Amino acid sequence: MPLAKRFTADLFFVLQLVLCLISGGSQFVRLLSTSQGVNISWLVCWLAFLLINLALTFRAHRLQPSRVTLQTVVTYSAWTAAISACLVLLLWKGTEVWDGKDTATAVVVSLGVLTAWLAARRLALPLTDPLVHGWFGVCFIGLPQLTLAYKIFTVGGAGLAGGMLLAGHIAITTRLGQLWFAIREAGWDRNRQGAALSEVANEITWLLVTGAWLWPR
């Protein structure tokens, strides 16, 4: 990789770690005082999304290891740790109980996963196929964020930190940038296609969450 591109890739990696600390840290601190508008199911599904993309990027790294692919694996590992900490805190405090919107989220995500599985069977794709995992990722991140946006719009979003919203947009964009550099370096394989697919859905629905949070009340 040319020096300029390597520098940019390293910059994206450092930025990801900083954004993870800002986003996860600000959300953790906010949850210490309030969880208004935060769905338990959203954090659970977000964690599932991160684990799926961690598996995809790890497999891509094993197939064709490089500095950039390793950085992508570390990035998803850091975000997995941050969201796990927020979920554990929410469950430990017990201030947010499972409600109807959580049930709706679980039903919608289950239907989405079922649809993706049926489509995979129709196309004769195994469940281990990276693109199938990418569609599972869309279900676990995109659909819960739609119900999260609705909950914030109806009851308020004081439990969602503004720092997390802003850092989230920058983080998604830079993760897509990391994937782009990995694709330029190692090729457009199905693992990276699956990860990119779910991240695009992540950004689109995160914009809806942000719009609901900013909506005047």
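As the structure is a prediction and not an experimental result, all values here were calculated from the model.

1. Considering the pattern of salt bridges
In step 1: Following the criterion strictly, the structure yields three salt bridges and no others.
In step 2: The partner of glutamate 199 in a salt bridge is arginine 175, and the shortest N-O contact between them spans 2.6 Å. Here glutamate 199, found in helix 7 (residues 190-214), pairs with arginine 175, found in helix 6 (residues 162-186); they are 24 residues apart in sequence, far enough to count as distant.
In step 3: On the basis of relative accessible area, arginine 175 is assigned to the buried category, the value being 3%.

2. Here's the deal with helix 5 (residues 130-155)
In step 1: The end-to-end C-alpha distance of helix 5, which contains 26 residues, comes to 37 Å, matching closely the 38 Å that a straight helix rising 1.5 Å per residue would cover.
In step 2: Near the N-terminus of helix 5, the side chain that reaches the backbone nitrogen of leucine 131, with its oxygen 2.9 Å away, is that of aspartate 129.
In step 3: Within two residues after helix 5, glycine 156 carries a phi angle of roughly 100 degrees, on the positive side.

3. A few points about unusual backbone geometry
In step 1: Unlike most non-glycine residues, alanine 124 shows phi in positive territory, near 60 degrees.
In step 2: Among the secondary structure elements, alanine 124 is positioned in the loop between helix 4 (100-122) and helix 5.

4. Topic: the environment of alanine 78
In step 1: You can see alanine 78 is positioned in helix 3 (residues 67-93).
In step 2: Distance from alanine 78 to leucine 54, taken between C-alpha atoms, is 10.0 Å for residues 24 residues apart in sequence.
In step 3: Contacts of alanine 78, omitting those with residues within four sequence positions, involve Leu17 and Cys20.

5. A word on the confidence of the model for the chain
In step 1: Looking at the chain as a whole, the pLDDT averages 87, with 96% of positions reaching at least 70.
In step 2: When mean pLDDT is taken per element in the chain, helix 4 scores highest with 92 and helix 6 scores lowest with 82.

6. A word on the side chain of glutamine 16
In step 1: Mapped onto the secondary structure, glutamine 16 falls in helix 1 (residues 3-31).
In step 2: Reaching out from glutamine 16, the side chain makes a polar contact with the side chain of tryptophan 79 at a distance of 2.8 Å.
In step 3: When residues no more than four places from it in sequence are discounted, the contact partners of glutamine 16 are Thr75, Trp79, Ala171, Thr174, Arg175 and Gln178.

7. Some thoughts on the packing of helix 2 (residues 40-63) against helix 3
In step 1: Contact geometry of helix 2 with helix 3 gives a least axis separation of 9 Å together with a crossing angle of 160 degrees. Put simply, helix 2 runs roughly antiparallel to helix 3. The interaxial crossing formed by helix 2 with helix 3 has left-handed handedness.
In step 2: Of the residues belonging to the contact of helix 2 with helix 3, the class tally is 18 nonpolar, eight polar and no charged.

About the criteria used
Residues numbered from 1 in each chain as written. Predicted model: local features only at pLDDT ≥ 70, side-chain atom pairs only at ≥ 80, totals over all residues. Heavy atoms only, no water. Salt bridge = Lys/Arg side-chain N within 4 Å of Asp/Glu carboxyl O. Helix = DSSP H or I, 4+ residues; strand = E, 2+ residues; numbered from the N terminus. Buried < 20%, exposed > 50% of the residue type's maximum accessible area, 1.4 Å probe, protein only. Expected span 1.5 Å × (residues − 1). Polar contact = N/O pair within 3.5 Å; in protein donor to acceptor, adjacent residues only side chain to side chain. Contact = heavy atoms within 4.5 Å. pLDDT = per-residue confidence, 0-100. Axes fitted to C-alpha atoms, helices over the stretch in contact; angles between N-to-C directions. Parallel < 35°, antiparallel > 145°, perpendicular 65-115°, else oblique. Left-handed = near helix turned anticlockwise from the far one by under 90°. Nonpolar A, V, L, I, M, F, W, Y, C, P; charged D, E, K, R; others polar.

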